[in-house]
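These are the residues of each chain, in order.
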Amino acid sequence: MVINDYSELIRGDRVRANTPPEINQAIDTEIAASVRFYASKTNYEITKRINELDLEWDIERYLEANAAIFTAIGSSMGLKKSRVWFILPLTVSIFLLQHAVQGWCPPVSVFRRLGIRTRREIEVEKYALKALRGDFDEDSDQESNINRAKEAVIEIRSV
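In the annotation of an unreviewed UniProt entry, the protein is listed under the name DUF2892 domain-containing protein and assigned to Methanosarcina flavescens.

In structure tokens:
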């Protein structure tokens, strides 16, 4: 199967659906480049990259951390300086509700432009790397690994 568009693999991702296509394409290109890079690497190096992906923060985690930080700042400043600061945690909570309902809020645009990926996008890269490593093969030898890597690169290049 030749994958022409990662959106086929990432259906139902509300963040991607609300992200401009050029940003999604840039993220997809980055995934493809990573898989191509690791296609010529050893299983150890691929495993190391998979472990890095396990630790990578997705956009939801960035949103949660961002909300916690701004809520704490706004609440502290509201208690110590001026009640006007309570607008900040109120705004943050409205953004979080909007994200929960629509899958989008203003900080999402900023994070996506910075290249922050969704969990599904991270999982697509992990899945491709696991396929390169041979996790889904019944028989695995060095020659078949090389052929599988070549096939994966050809499929990724068609993106």
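Caption draft 1: Inspection of the nonpolar core at higher detail. The biggest cluster of nonpolar side chains holds 16 residues, and the ones touching the most others in it are Ile31, Val35, Ile46, Leu129 and Leu132. The residues contacting Ile46, other than those within four sequence positions of it, are Tyr38, Lys41, Leu129, Leu132 and Arg133. Of all hydrophobic cores here, the second largest spans seven residues; its members include Val15, Leu63, Cys105 and Ile116.

Caption draft 2: How the structure looks around helix H6 (residues 106-113). Every buried residue of H6 is accounted for by Pro107, Val108, Phe111 and Arg112. Angular distribution of buried residues about the axis of H6 spans 135°; they occupy a single face of the element. Each element contacted by the buried residues of H6 is listed here: helix H1 (14-17), helix H2 (21-38), helix H4 (59-80), helix H5 (87-102) and helix H7 (119-133). Count one or two residues on from H6 and you reach Gly115, which has phi positive near 90°.

Caption draft 3: Molecular detail of the environment of Arg14. Take Arg14: it is sitting in helix H1. Within the local environment of Arg14, its side chain forms a polar contact with the backbone oxygen of Ala100, the two atoms lying 3.2 Å apart.

Caption draft 4: Region of the structure containing the packing of H4 against H5. Where H4 meets H5, the closest approach of the two axes is 8 Å, and the angle between their N-to-C directions is 160°. One way to sum up the angle between H4 and H5 is to call them roughly antiparallel. In this structure, H4 meets H5 at a crossing whose hand is left-handed. Across the interface between the two elements, Glu60, Leu63, Ala67, Phe70, Thr71, Ile73, Gly74 and Ser75 from H4 touch Leu88, Pro89, Val92, Leu96 and His99 from H5. Looking at the contact of H4 with H5, its residues break down into eight nonpolar, four polar and one charged.

Rules behind the numbers
- Residues numbered from 1 in each chain as written.
- Predicted model: local features only at pLDDT ≥ 70, side-chain atom pairs only at ≥ 80, totals over all residues.
- Heavy atoms only, no water.
- Core = buried A, V, L, I, M, F, W, Y, C linked by side-chain atoms within 4.5 Å.
- Buried < 20%, exposed > 50% of the residue type's maximum accessible area, 1.4 Å probe, protein only.
- Contact = heavy atoms within 4.5 Å.
- Helix = DSSP H or I, 4+ residues; strand = E, 2+ residues; numbered from the N terminus.
- Arc of directions from axis to C-beta.
- Polar contact = N/O pair within 3.5 Å; in protein donor to acceptor, adjacent residues only side chain to side chain.
- Axes fitted to C-alpha atoms, helices over the stretch in contact; angles between N-to-C directions.
- Parallel < 35°, antiparallel > 145°, perpendicular 65-115°, else oblique.
- Left-handed = near helix turned anticlockwise from the far one by under 90°.
- Nonpolar A, V, L, I, M, F, W, Y, C, P; charged D, E, K, R; others polar.

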